[in-house]
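Structural overview for review
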Amino acid sequence: GKVRQKVGTLEKLRNIWIDNAKRREFMQYLRSQDAEPTALSEVEDLSHIDTFDLLAHLSFKSPLRSREERYKAFMNREGRFLKSFKPEAKEVLEELLDRYRAWGIEEMTSERLFDLSPFKEWGRIVGVSKRFGGVEGLRRAVGEVVERIYPVEEVR
C-alpha cells in the first residue's frame, strides 16, 4: 500500500526505479515507513527476485521476475544494442549486467563497484570511463542499460 500510495501507477514506479537518485530516495522513503523490500524478500525466500518486480507484484499485481529472468530477457532482446559499443566498453557493460544478475540494480549502479575487480584492474572509474569516451559516456551507457532492463512496454 505504501508504494501505490506514493507512486500511484506501475509506470511511475518504473520511472523512479530507472533513475538512481530517485530510486535511492524512494527506498529511503520506504524504510522510513517500515517497509523494507530487502527484508521482505529474505523472509519470503525471494532474494532472487528483482526488487522492482517484488514491489510491482505487491503493489500492482505484476508478475514476479527474477534477476536471472530479466538478465536473460535483456541479453536476448538487446544484443544489437550491446554490439553497438566498442569491445572494451561492451566488456564493462557485460560485467555490470553480471553484477545485476547476481545482486541487483543497486549493486550494478553503485560507484563503489569501481573499486572492485575487474573494474579496479581496468583503472577504476577513470579507466573504465575512458572506454566510453569519458564519465558522461559511461553514465549515459549505464543509464540506457538500466532503462532497457526495465522496458517501458512492460508497464503499459
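Notes on the structure in this doc start here. (Residues numbered from 1 in each chain as written. Predicted model: local features only at pLDDT ≥ 70, side-chain atom pairs only at ≥ 80, totals over all residues. Heavy atoms only, no water.)

Brief notes about unusual backbone geometry
- Omega for the peptide link from Ser117 to Pro118 comes to 0°, which places this bond in the cis form.
- Looking at the secondary structure, you find Pro118 in the loop between α9 (105-108) and α10 (124-130).
- Residue Lys61 is not a glycine yet carries a positive backbone phi of 60°.
- For Lys61, the location among the structural elements is in the loop between α5 (51-60) and α6 (67-77). (Helix = DSSP H or I, 4+ residues; strand = E, 2+ residues; numbered from the N terminus.)

A few points about the packing of aromatic side chains
- All told, the structure shown has eight aromatic pairs when counted by the stated rule.
- Ring plane angle 45° and centroid distance 6.2 Å describe the contact between Trp17 and Phe52, whose orientation is recorded as tilted. You can see Trp17 sitting in helix α2 (residues 10-17) and its partner Phe52 sitting in helix α5, a full 35 residues away along the chain.
- Assessed through its relative accessible area of 0%, Trp17 is described here as buried.
- The exposure class assigned to Phe52 is buried, which follows from its relative accessible area of 3%.
- Consider the rings of Phe81 and Phe85, whose centres lie 5.2 Å apart with planes at 85°: the pair is edge-to-face.
- Across from the ring centre of Trp122, 4.4 Å away, lies the NZ or CZ of Arg131, which sits over that ring.
- When the ring centre of Phe81 is taken as origin, the NZ or CZ atom of Arg148, which lies over that ring, is 4.0 Å away. (Phe/Tyr/Trp six-rings, centres within 6.5 Å; stacked < 30°, edge-to-face > 60°. Buried < 20%, exposed > 50% of the residue type's maximum accessible area, 1.4 Å probe, protein only. Lys NZ or Arg CZ within 6 Å of the ring centre and 35° of its normal.)

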